[in-house]
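Descriptive analysis of the structure
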Amino acid sequence: MMDKKEILESGLLERYLIGEVSETEQLQVERYLQDSEIRKHYGQLEADFERMAMENAVSPPPQVKEGLMDKVGSKTPQQPPINANRSALKSYLAIAAALALLFGISSFWMYTKLNGVEDQLELVRSQNDILSDELEDLTKNYDDVINTYEITSNPKTEKLIMLGNQNSPQATAVTYVNHTDKTVFIDAEGLPKLSEEHDYQLWADVEGEMIDMGVIAKGENFLAMNYIDHAESYNITIEPAGGSDHPTVERLITNVYLQ
C-alpha cells in the first residue's frame, strides 16, 4: 500500500480525475480521499483541470452555433439530470485535461529536441573555432619557417655563433647578419630562461661604444633586431625587465666579433 507522499506524486489522482483508472484503483482512490490532505489536493487538481479546460476552450464556428440555437429553439427546454451534468463535466474535463497533457508532453519533447540541437550546434561552433585557431597557428608557423629559411639560406647572410662565458656557460645564440639588406636576426633558443624581472638585451660595439640593438623578447626563439652600421662585435647582457639605456657589463654572458 502506498504512503501519502507516493499517492500525491504517483499521478493516480490525476488519472482518477480523467477516468483513466481501473476498478481496483478507483476503490483505492476513494479510500485515499478520506484523508483530508489528499482530499484537499484532489480538490485543487479539479480546480486546475477546470481552469485549463476554460483556458484551452475553442469557440465554435458561427454556423455551428446558429444551427445549435435553431435546434434548441425548436424544442421545449428540459432540465438535464444532475448525474448527466456531472458526467458531461467529467468527460469535458477529461478531454480538456488529456489535450492539455498531450500539448504539454509535445511542448516538452520539442523543447528537449530543440535544446539538444542547440547544444549540438554550439559544440560544432566550438569545434570550428578550435580548428580555425589551429589552422591559423599552423599557417603562422609555416610562414615563420619559410621566412626563417629564406633569411638563413641567403648567401649574403653571415651566421655568427655566440657561446656563453663564465657568467652563463650553457648559453648559446646564433645571429644572422646581412649587411646588404641591413638586417639582423637572432636565434635565442639556446639562452637559459630568465625570471620575469630580467631580460636579455643585444648590443653592438661601435668604436668602443655599446649601442642598443633591442631586448630579446621572452617566448620568441627567432626574432629581428636593430641593425647597427660599423658594428665590431655583438654582445648579450642580462638587464632589468624592459631593457637598459646602458649595458650592465658585469652581466655580459656572450659576445662575438664580426669579420
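Residues numbered from 1 in each chain as written. Predicted model: local features only at pLDDT ≥ 70, side-chain atom pairs only at ≥ 80, totals over all residues. Heavy atoms only, no water.

Re the nonpolar core
- Among the nonpolar cores identified, the biggest contains 26 residues, and Leu 191, Ile 216, Tyr 234 and Ile 236 are the most heavily contacted of them.
- Looking at which element gives the most residues to this core, the answer is strand E4 (residues 198-206), with four residues.
- Excluding anything up to four places from it in sequence, Ile 236 contacts Met 162, Ala 173, Ile 186, Leu 191, Tyr 200, Gln 201, Leu 202, Ile 216, Arg 251, Leu 252, Ile 253 and Thr 254.
- Core analysis: the next-biggest nonpolar cluster, separate from the first, contains 14 residues, Ile 7, Leu 12, Tyr 42 and Leu 45 among them. (Core = buried A, V, L, I, M, F, W, Y, C linked by side-chain atoms within 4.5 Å. Buried < 20%, exposed > 50% of the residue type's maximum accessible area, 1.4 Å probe, protein only. Helix = DSSP H or I, 4+ residues; strand = E, 2+ residues; numbered from the N terminus. Contact = heavy atoms within 4.5 Å.)

Here we look at a negative patch on the surface
- Together, Asp 129, Asp 133, Glu 134 and Glu 136 line one region of the surface with negative charge.
- Among the secondary structure elements, Asp 129 is positioned in helix H6 (residues 82-152). (Patch = residues over 30% accessible without salt bridge, like charges linked within 9 Å, V, L, I, M, F, W, Y side chains within 5 Å. Areas by Shrake-Rupley, 256 points an atom, 1.4 Å probe, with all protein chains shown as cover. Salt bridge = Lys/Arg side-chain N within 4 Å of Asp/Glu carboxyl O. Lys, Arg positive; Asp, Glu negative; His and termini not counted. Charge placed at Lys NZ, Arg CZ, Asp CG, Glu CD.)

Examining unusual backbone geometry
- Positive phi outside glycine occurs at Glu 207, with the angle close to 50°.
- Following the sequence through the fold, Glu 207 ends up in the loop between E4 and strand E5 (209-216).
- Judged by its relative accessible area of 71%, Glu 207 falls in the exposed class.
- Of note in the backbone geometry, His 230 takes a positive phi value of approximately 65° without being a glycine.

Digging into the packing of aromatic side chains
- Going through the model one piece at a time under the given rule, you end up with two aromatic pairs.
- For the pair Tyr 176 and Phe 222, a centre-to-centre distance of 5.9 Å together with 50° between the ring planes defines the contact as tilted. With Tyr 176 in strand E2 (residues 172-178) and Phe 222 in strand E6 (residues 222-225), the pair connects residues that are 46 residues apart, well separated along the chain.
- Relative to Phe 222, the ring of Phe 185 lies with its centre 5.7 Å away and its plane at 10°, an arrangement referred to as stacked. Within this pair, whereas Phe 185 is found in strand E3 (residues 183-187), its partner Phe 222 is found in strand E6, the two being separated by 37 residues in sequence.
- Residue classification places Phe 222 among the partly exposed residues on the basis of a relative accessible area of 23%.
- Here a set of aromatic residues connected by ring pairs shows up, and it is made of Tyr 176, Phe 185 and Phe 222. (Phe/Tyr/Trp six-rings, centres within 6.5 Å; stacked < 30°, edge-to-face > 60°.)

Digging into the sheet that holds E3
- Across the sheet, which stays open at both edges, the four strands sit in the order E1-E2-E3-E6 with antiparallel pairing between neighbours. Since the sheet does not close on itself, it has two edges, and those belong to strand E1 (158-163) and E6, each with one partner. Mean inter-strand twist for the sheet, computed between neighbouring axes without regard to direction, equals 25°.
- Bridging between E2 and E3 involves five bridges; their strand directions are antiparallel. Within E3, the position partnered with Val 177 by the bridge is Val 184. (Pairing = 2+ DSSP bridges. Axes fitted to C-alpha atoms, helices over the stretch in contact; angles between N-to-C directions.)

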